[in-house]
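Notes for the structure review
One letter stands for each residue in the lines below.
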Amino acid sequence: MRIIENIAEMRRISDTWRAEGERIAFVPTMGYLHEGHLSLLRAARELGTRSVISIFVNPTQFAPTEDFASYPRDLRKDLDLCAQTGIDAAFVPTAEEMYPEGFQTFIEVTRVTQNLCGASRPIFFRGVATVVTKLFNAVKPHSALFGQKDFQQLVTIRRMVKDLNMDIEIVGHPIIREKDGLAMSSRNTYLRADERPVALRLSRSLQLARQLVNSGERNAAAILAAVSDSITAGGGATIDYARLCDTETIEDVEVVDGPTLLALAVWVGKTRLIDNCVLES
Ligand code: AMP
C-alpha cells in the first residue's frame, strides 16, 4: 500500500492509474478507523480496480468550540488496518498541504445543509464540501463512497457533485453497528462505561419509531414525541435534534408518507452522537 502525503504525488499516481485504464474508488475519512470505515474500504475494493482512502482531520469543519484538537488520532494503527484490507493507497496530507497560507475559497451547498447538523453546526458542511472537493481534485476518483451514518453529508455531497458537474459516482453505504446496536463512530471512544447504556437509546429509539410506523402511526409529532421520551427517560442524554425529514430535501415533514429520514443528534455527557434510519411507510 502506498502512503502519500502530498497532493502533487497523489495526482501523479492517479493520473498513471487512469492512463492505464484503472477505475479509482475513494473513501474519505478522518481516521481512527473502525469496522464502519473498513466496510467502506472493502466495498471500494469491489467497486474499483484501485482503491484509495484519505485520512485527514479537517480543521475547516470544526467550530472553535468543537473537538478538533481532541479528535482521536492513531495514524500508525489506521495504516496497518488499511494495509490489511488490501487497498492500494492512503492519502494522508498535512493541514499545511491542504490549507496553505492564503487559502480563501469555500464550497457552499445552501439548502440541504440548513436543517439537522447544519443548524447545530453552521460552518460544518461548508468545511465538508470544501475538503471533499479538494480531496476529489487530489485523488481524481471515478467513484467515492460515503456512509449513511452521516446521511445529510451524503445528500450534501450528492447535491454538490450534481450541481458542479463533477464526474464522480457517489455511492452510499449502510450504517455499520456494534452488536448491541450502537452505530460505530470514532467518537464512541469518548464514551465512559456508564454512558454506553445511555448511548444505546439512540438505536433503540429508531427501532421504536419503526414499530410505531409499522403499526400505522403516520403523525411526525407523535413519533418524535415517543422517540424523544425514550431517549431522555432515565436522564444522562440531551437531545440536540430529533427530526423527521424528506430524504432528498432534508426538510421537516409533518406526516410520514413514503420513505422518511428519522435523524438524531444527542449529547451523552460530552459526546455528541448521531444516528438515523429511513422509515418506510
Ligand atoms: P469519518 O471518519 O467519521 O469522517 O467517516 C468517514 C466515512 O465513514 C463517512 O462517509 C462516514 O459516513 C462513514 N462512516 C462512519 N461511521 C460509519 C458507520 N458506523 N457505518 C457506515 N459508515 C460510517
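The rules we used
Residues numbered from 1 in each chain as written. Predicted model: local features only at pLDDT ≥ 70, side-chain atom pairs only at ≥ 80, totals over all residues. Heavy atoms only, no water. Helix = DSSP H or I, 4+ residues; strand = E, 2+ residues; numbered from the N terminus. Rg over C-alpha atoms; globule rule 2.2 N^0.38 Å. Buried < 20%, exposed > 50% of the residue type's maximum accessible area, 1.4 Å probe, protein only. Contact = heavy atoms within 4.5 Å. Areas by Shrake-Rupley, 256 points an atom, 1.4 Å probe, with all protein chains shown as cover. Lys, Arg positive; Asp, Glu negative; His and termini not counted. Charge placed at Lys NZ, Arg CZ, Asp CG, Glu CD. Phe/Tyr/Trp six-rings, centres within 6.5 Å; stacked < 30°, edge-to-face > 60°. Lys NZ or Arg CZ within 6 Å of the ring centre and 35° of its normal. Domains from an automatic or database assignment. Buried area = accessible area lost by both parts, 1.4 Å probe. Polar contact = N/O pair within 3.5 Å; in protein donor to acceptor, adjacent residues only side chain to side chain. Pairing = 2+ DSSP bridges. Axes fitted to C-alpha atoms, helices over the stretch in contact; angles between N-to-C directions. Salt bridge = Lys/Arg side-chain N within 4 Å of Asp/Glu carboxyl O.

All right, on to the overall build of the chain then. A count of helical and extended segments in the chain gives nine helices and nine strands. The C-alpha radius of gyration of the chain comes to 19 Å, within 12% of the 19 Å expected for a compact globule of 281 residues. Principal axes of the C-alpha set define a box for the chain whose edges measure 55 × 40 × 40 Å. Looking at the chain residue by residue over its 281 residues, the buried ones come to 52%. Restricting to contacts in the chain with at least 6 residues of sequence separation, those with at least 24 account for 73%. Accessible surface, the chain: about 13,500 Å² in total, of which carbon and sulfur atoms supply 47%. Across the chain, the 32 positively charged side chains and the 36 negatively charged ones have centroids separated by 2 Å.

If you walk through the whole model with that rule in mind, you get eight aromatic pairs. For the ring pair Phe56 and Tyr99, a centre distance of 6.3 Å and an interplane angle of 35° mean the geometry is tilted. Of this pair, Phe56 sits in the loop between strand 3 (50–55) and helix 3 (75–85) while Tyr99 sits in the loop between helix 4 (95–98) and helix 5 (116–120); the two residues are 43 residues apart in sequence, bridging distant segments of the chain. The pair Phe56 / Tyr99 is uniform in exposure class, with both members buried. Centroid distance Phe62 to Tyr71: 6.0 Å. Interplanar angle 75°. Geometry classified as edge-to-face. For Phe62, a relative accessible area of 6% translates into the label buried. A connected cluster of aromatic rings, assembled from ring pairs, spans Phe56, Tyr99, Phe103 and Phe106. Its end group placed over the ring of Phe68, Arg73 keeps NZ or CZ at 5.0 Å from the ring centre.

Moving on, we get to the environment of Gly235. Within the secondary structure layout, Gly235 lies in the loop between helix 9 (220–232) and strand 7 (237–246). Put simply, Gly235 and Val198 are 37 residues apart on the chain and 8.2 Å apart in space, counted from C-alpha to C-alpha. Leaving out residues up to four positions away in the same chain, Gly235 has contacts with Val198 and Arg201.

We now examine the domain arrangement of the chain. When the parts come together, some accessible area is lost, and that loss is often what is quoted as the size of the interface. Partitioning the chain into domains gives domain 1 (2–173) and domain 2 (186–279). The C-alpha-based centres of domain 1 and domain 2 are spaced at 26 Å. Between domain 1 and domain 2, the residue contacts involve 21 residues of the former and 20 residues of the latter. Counting each side, the surface lost to burial between domain 1 and domain 2 is near 1,700 Å², with a carbon and sulfur contribution of 54%. When the buried area of domain 1 at its contact with domain 2 is split by residue, Asn115, Leu116 and Phe151 rank highest and sum to 34% of it. There are ten residue pairs in polar contact (both at pLDDT 80 or more) connecting domain 1 and domain 2. When contributions to the side of domain 1 that touches domain 2 are tallied by element, the ones reaching two or more residues are helix 5 and helix 7 (151–163).

A separate point is the environment of Gly102. For Gly102, the position within the fold is in the loop between helix 4 and helix 5. Between the C-alpha atoms of Gly102 and Tyr71, which are 31 residues apart in sequence, the distance is 25 Å.

The topology assignment puts Thr133 in helix 6 (residues 124–139). Thr133 gets classed as buried once you look at its relative accessible area, which sits at 11%. Separated by 2.8 Å, the side chain of Thr133 and the backbone oxygen of Ala129 make a polar contact.

Sheet architecture is open: three strands sit in the order 7-8-9, paired in antiparallel fashion. Looking along the sheet, the strands with just one partner apiece sit at the ends: strand 7 and strand 9 (271–279). When the angles between neighbouring strand axes are averaged without regard to direction, this sheet yields 15°. Here nine bridges tie strand 7 to strand 8 (residues 260–268), and the two strands are oriented antiparallel to one another. When the sheet's bridge partners are listed, Asp246 is paired in strand 8 with Thr260. Against the sheet, helix 9 makes contact with strand 7 and strand 8, and its axis sits at roughly 155° relative to strand 7, the strand it touches most.

A few words on the pattern of salt bridges. Applying the stated criterion to the full structure yields 13 salt bridges. The closest approach of N and O atoms between Glu66 and Arg121, which form a salt bridge, is 2.9 Å. Of the two residues, Glu66 sits in the loop between strand 3 and helix 3 while Arg121 sits in the loop between helix 5 and helix 6, which places them 55 residues apart along the sequence. Put simply, Arg177 and Asp275 hold a salt bridge, and the shortest N to O gap is 2.9 Å. Taken as a pair, Arg177 in the loop between strand 6 (169–173) and helix 8 (196–214) and Asp275 in strand 9 lie far apart in primary sequence, 98 residues in all. The network of salt bridges with shared partners includes Glu22, Arg50 and Asp88.

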